[in-house]
Amino acid sequence: MNPFQYRDNELYIEELPLTEVAAQHGTPLYVYSRQAIETAWHGYADALKDHGMVCYAVKANSNIGVLNLLARLGSGFDIVSVGELERVLTAGGDPSKVVFSGVGKQVDEIRRALEVGIHCFNVESVAELQRINEVAGTMDMQAPVSIRVNPDVDAKTHPYISTGLKQNKFGIDINSAEQVYALAASLAHINVIGVDCHIGSQITDVTPFLDALDRLLALIDRLAGKGIQIRHLDLGGGVGVQYQQDEPVVSLTDYVQQIVSRLGARALTLIMEPGRSIVANAGVLLTRVEYLKQNDEHNFAIVDGAMNDLIRPSLYQAWQDVKPLQLRTGTSHTWDIVGPICETTDFLAKGRQLVIEQGDILAIMDSGAYGFTMASNYNSRPRVAEILVDGQQTHVVRRREIFADLIAHEYLIE
Ligand code: LLP
């Protein structure tokens, strides 16, 4: 489902021309489509229907307006901090459908998660297991846990977003997992319920997912042989998305079917933690061309958006499509789309063939995931507003920051 379509050379989101949204709310601006988010979520929910639970990865887009849409659909959530947990609760999410991932959970975070009754902790080290046991002990509780196993599988994605290899900090080496499960089963305040893994993000081939799955199923069988019964299998993040038209994609239904056929007679519930594939294609970053600047080698379009608003191009050399909100006729040129920040890496796109003029507004496509959540105030730039579009209606789900927000937590010395 693509909510972004040209009609009479105007780029629309659902039933609204994006130029109207920009005129009303200014630029730079994140704009999301409710329909696209809900359709993507239903894709997972339908595929997993009788087999398990969707736990949306909050880190991809944690706006409470977005979380609220998903909570209303009955989604679970994957969180990595108490901040994300509070967002989920504020947005009306059900704590009993929350899984808590991440390598560095602090005592207060563990306590709060136990207090509200999350589904489980995805445990990433022996030291963390012991800490959870202690905290649960002080609360006279049993903490539900799943051990995040590092299956040593190459996800063949960008090295910065690959997580399932021995050299990555994540999870517990699959070769020592059995010992750790035996320890977990012996601890008074731990209730072992699951096995978890996450091998990386933006994965465009099903093979690494299935390799990891085979290794986990073999582990689950060995554990059963030792009397440790696993109830759920959490396969981590979702499938990769299309940023470029010819980019391969994993079919979700095929993937889930292949998982289910491999589960065989095992009584296991599935959990998936998709983030990117729920929100990436549902959002754009709108940015206005402030100046055009040309030398004998390069054409630069200097825009009002920058790496502090969307860091994926500079951090991962990520390619995201650029579309003018109004298509012009005329000769196209090759443009680098750059921001006003004083860094050479401050670009949103390079080498794009476009017909543009000063004052035009561009949409940086597929910016709904890891866009606003990775934004900063670098160069004292207020963070931009976020708008959720529903048909012809717009909702401001985050207002634009003002200067007072920038210094709200700073003090002059006495
Ligand atoms: N579960 C865990 C434990 C994760 O670490 C992640 C993502 C997810 C689920 C969600 O994965 P997804 O469905 O989004 O692929 N900032 C980077 C992506 C970092 C992903 C980190 N972990 C980017 O912009 O490409």
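Residues numbered from 1 in each chain as written. Predicted model: local features only at pLDDT ≥ 70, side-chain atom pairs only at ≥ 80, totals over all residues.

To be explicit about the condition: UniProt positions are given in the numbering used here, feature names are shortened, and annotations may be inferred rather than shown by experiment.
Looking at an unreviewed UniProt entry, one finds the protein chain named Diaminopimelate decarboxylase, with Gynuella sunshinyii YC6258 as its source organism. Per UniProt, the protein chain has the following entry under Sequence similarities (unreviewed entry): "Belongs to the Orn/Lys/Arg decarboxylase class-II family. LysA subfamily." Regarding the protein chain, the relevant UniProt record gives this comment under Function (unreviewed entry): "Specifically catalyzes the decarboxylation of meso-diaminopimelate (meso-DAP) to L-lysine."

Details of the site of the ligand
To keep it simple, the criterion reads: Should the C-beta atom of a residue, placed from the backbone, lie within 6 Å of a molecule or strand, that residue is near it. Following the grouping adopted for this structure description, the nonpolar residues are Ala, Val, Leu, Ile, Met, Phe, Trp, Tyr, Cys and Pro, the charged ones are Asp, Glu, Lys and Arg, and the polar ones are all others, Gly among them.
The environment of the ligand is made up of 19 residues, and the closest members are Ser-201, Gly-237, Gly-275, Arg-276 and Tyr-370. Per-class residue counts for the shell around the ligand are six nonpolar, nine polar and four charged.

Regarding the nonpolar core
So the rule is basically this: To form a nonpolar core, buried Ala, Val, Leu, Ile, Met, Phe, Trp, Tyr and Cys residues must be joined through C-beta atoms within 7 Å. Exposure criterion: with C-beta atoms placed from backbone coordinates, a residue whose C-beta has 20 or more other C-beta atoms within 10 Å is buried, one with 12 or fewer is exposed, and one in between is partly exposed. Here a strand is any run of E in DSSP of at least two residues, a helix any run of H or I of at least four, and the numbering for each starts at the N terminus. Domain start and end points were adopted from an automatic or database domain assignment. By the convention adopted here, residues make contact when the C-beta atoms placed from their backbones lie within 7 Å.
By size, the foremost hydrophobic cluster in this structure holds 119 residues, and its most contacted members are Val-31, Ile-37, Ile-132, Val-145 and Ile-364. Of the residues forming this core, the biggest block, seven residues, is contributed by helix H8 (residues 206–225). There are two domains that each give this core at least three residues, and those are domain 1 (4–32 + 280–406) and domain 2 (102–272). Apart from residues lying up to four places away in sequence, Ile-37 is in contact with Tyr-32, Val-66, Leu-69, Ile-278, Val-279 and Ala-282.

Some remarks on the packing of H8 against helix H9 (residues 252–263)
How we decide: Axis definition: a line fit to C-alpha positions, over the contact stretch in the case of helices; interaxial angles, taken between N-to-C directions, run 0 to 180 degrees. Angle categories are assigned with fixed cut-offs, so that under 35 degrees is roughly parallel, over 145 is roughly antiparallel, 65 to 115 is roughly perpendicular, and the rest are oblique. Crossings are classed by handedness, with left-handed meaning an anticlockwise turn of the near helix from the far one by less than a right angle and right-handed meaning a clockwise turn.
For the pair H8 and H9, the least separation of the axes is 11 Å and the interaxial angle reads 20°. Taken as axis vectors, H8 and H9 run roughly parallel relative to one another. As H8 packs across H9, the resulting crossing turns out to be right-handed. Where H8 approaches H9, its residues Val-206, Phe-209, Leu-210, Leu-213 and Leu-217 are matched on the opposing element by Tyr-255, Gln-258, Ile-259 and Arg-262. Taken together, the residues of the contact of H8 with H9 break down into seven nonpolar, one polar and one charged.

Some remarks on the environment of Pro-382
Secondary-structure assignment places Pro-382 in the loop between strand S19 (361–364) and strand S20 (385–390). On a C-alpha basis, the gap between Pro-382 and Val-192 in space is 45 Å, while along the polypeptide they are 190 residues apart. Leave out the neighbours within four places in its chain, and Pro-382 touches Arg-400, Glu-401, Ile-402, Phe-403, Asp-405 and Leu-406.

Some thoughts on the domain arrangement of the protein chain
Assigned domains of the protein chain: these are domain 1 (4–32 + 280–406) and domain 2 (102–272). If you average the C-alpha positions of domain 1 and of domain 2, the two centres end up 36 Å apart. Each partner contributes residues to the interface: domain 1 has seven residues there, and domain 2 has six residues. Of the residues belonging to the side of domain 1 that touches domain 2, the class tally is three nonpolar, two polar and two charged.

Some words on helix H2 (residues 34–48)
Applied cut-off: Here, expected helix span is obtained from the residue count minus one, scaled by 1.5 Å.
Across its 15 residues, H2 extends 21 Å between first and last C-alpha, which sits within 8% of the 21 Å expected from 1.5 Å per residue. Three or more residues of H2 are buried, namely Arg-34, Ala-36, Ile-37, Ala-40, Trp-41, Gly-43, Tyr-44 and Ala-47.

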